[in-house]
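Reading the structure
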Amino acid sequence: MAEPAAGGPTLGDDVLVDQRGDATWITLNRPDRRNAYDPQMAEALVAALDGSTRSRAVVITGVPGSFCAGGALGTLSEPDVTTMRGLYRGSLRLFDAVRNHPRPVIAAVNGPAAGGGNELVIACDLAIAAQSATFGQTGPRVGSAPVTGATNVLGVQIGEKRAKEMAFLCRRYTAAQALELGLVNTVVPDDELVGAVDALVAELAALSPRYLEIAKVSSNVWWNAARDSFTTGLGMLVQAIGSPDMAEGAQAFLEKRRPRFPPPDA
């Protein structure tokens, strides 16, 4: 598949920003960790979004190999409370920046979208997926929980039962299944992803940016209604930092083994 955004200006090494005609392409650039973001990378993504308001559309994608594996898990086995707070808050600032951006934000999903990466797709206005892309949440499997979209707004997008299935069971869904669920708008062959996104950008560029913004802002009613639940969920995650479940889930993930979580409390 063609590389979506290369050779453009950067916001540090973790985020590539490339102006391509009417669209700003923002590319997550940490292939060593499947484009998972840490607090600093989340802030760089927010800065890239904030700097792209003069474009007709914004595209978020990952360097080839992955779309986004969510928050970086390397610190969860020995978590630092300050770092984890920064990661949780950075996630919410990132998703809010997508939802509050005045232009349509398109997810060009070119590989696995897992955990917070799947929630990033949920936050985007539109999504086009390559056939090889996969989707799903990881929280309860790795000692965490999806609280910024996948347990509430996703229910509006694909239905409550399906959203709980995705959040609880941590299954993986193919691009075709994501299309059937309503998580993405279109699925195309891998080598046609960039062309399909360019065509969508051209379609958006022919429309009134003023009235597209009005349509986007007014569509945020469910996101805004769920916003308090995001901050409550993040507060609960902070209280669980360092719990045996978090430590075991993260360690099992890093060791590529099945987790052995403690039994539930009485």
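That block above? That's the structure.
1. Focus: the overall build of the protein
- The secondary structure content of the protein amounts to 11 helices and 9 strands.
- Taken over the C-alpha trace, the protein has a radius of gyration of 18 Å; the compact-globule value for 266 residues is 18 Å, and the two agree within 12%.
- Reported as C-alpha extents along the three principal axes, the dimensions of the protein are approximately 60 × 35 × 35 Å.
- In the protein, buried positions account for 51% of the 266 residues.
- Element-wise, carbon and sulfur atoms account for 53% of the exposed surface of the protein, whose accessible area totals about 12200 Å².
- Counting 24 positive and 28 negative side-chain charges, the protein places the centres of these two groups 4 Å from one another.

2. Here we look at helix α3 (residues 116-123)
- In terms of burial, α3 is a largely internal element, 8 of the 8 residues being buried.
- For α3, the complete set of buried residues consists of G116, G117, N118, E119, L120, V121, I122 and A123.

3. Looking at the nonpolar core
- Grouped together as the largest cluster of nonpolar side chains are 58 residues, with contacts concentrated most on I60, F67, V109, V121, F135 and L183.
- In terms of residue count, the dominant contributor to this core is helix α2 (residues 81-100) (8 residues).

4. Some thoughts on the sheet that holds strand β4 (residues 105-109)
- If you trace the 6 strands from one edge of the open sheet to the other, you get β1-β2-β3-β4-β6-β9, paired in mixed fashion. Sheet topology places β1 (15-20) and β9 (186-188) at the edges, where each strand pairs with a single neighbour. On average, adjacent strands in this sheet sit at an angle of 20 degrees to one another, irrespective of strand direction.

5. What about the sheet that holds strand β8 (residues 173-174)?
- Taken together, the 3 strands give an open sheet; going across it, the order is β5-β7-β8, and neighbouring strands pair in mixed fashion. Two strands close off the open sheet at either side, each with one partner strand: β5 (113-114) and β8.
- Relative to β8, strand β7 (residues 134-136) is paired through 2 bridges, and the arrangement is antiparallel. Along β8, the bridge assignment pairs T134 with T174.

Cut-offs and rules
- Residues numbered from 1 in each chain as written.
- Predicted model: local features only at pLDDT ≥ 70, side-chain atom pairs only at ≥ 80, totals over all residues.
- Heavy atoms only, no water.
- Helix = DSSP H or I, 4+ residues; strand = E, 2+ residues; numbered from the N terminus.
- Rg over C-alpha atoms; globule rule 2.2 N^0.38 Å.
- Buried < 20%, exposed > 50% of the residue type's maximum accessible area, 1.4 Å probe, protein only.
- Areas by Shrake-Rupley, 256 points an atom, 1.4 Å probe, with all protein chains shown as cover.
- Lys, Arg positive; Asp, Glu negative; His and termini not counted.
- Charge placed at Lys NZ, Arg CZ, Asp CG, Glu CD.
- Core = buried A, V, L, I, M, F, W, Y, C linked by side-chain atoms within 4.5 Å.
- Pairing = 2+ DSSP bridges.
- Axes fitted to C-alpha atoms, helices over the stretch in contact; angles between N-to-C directions.

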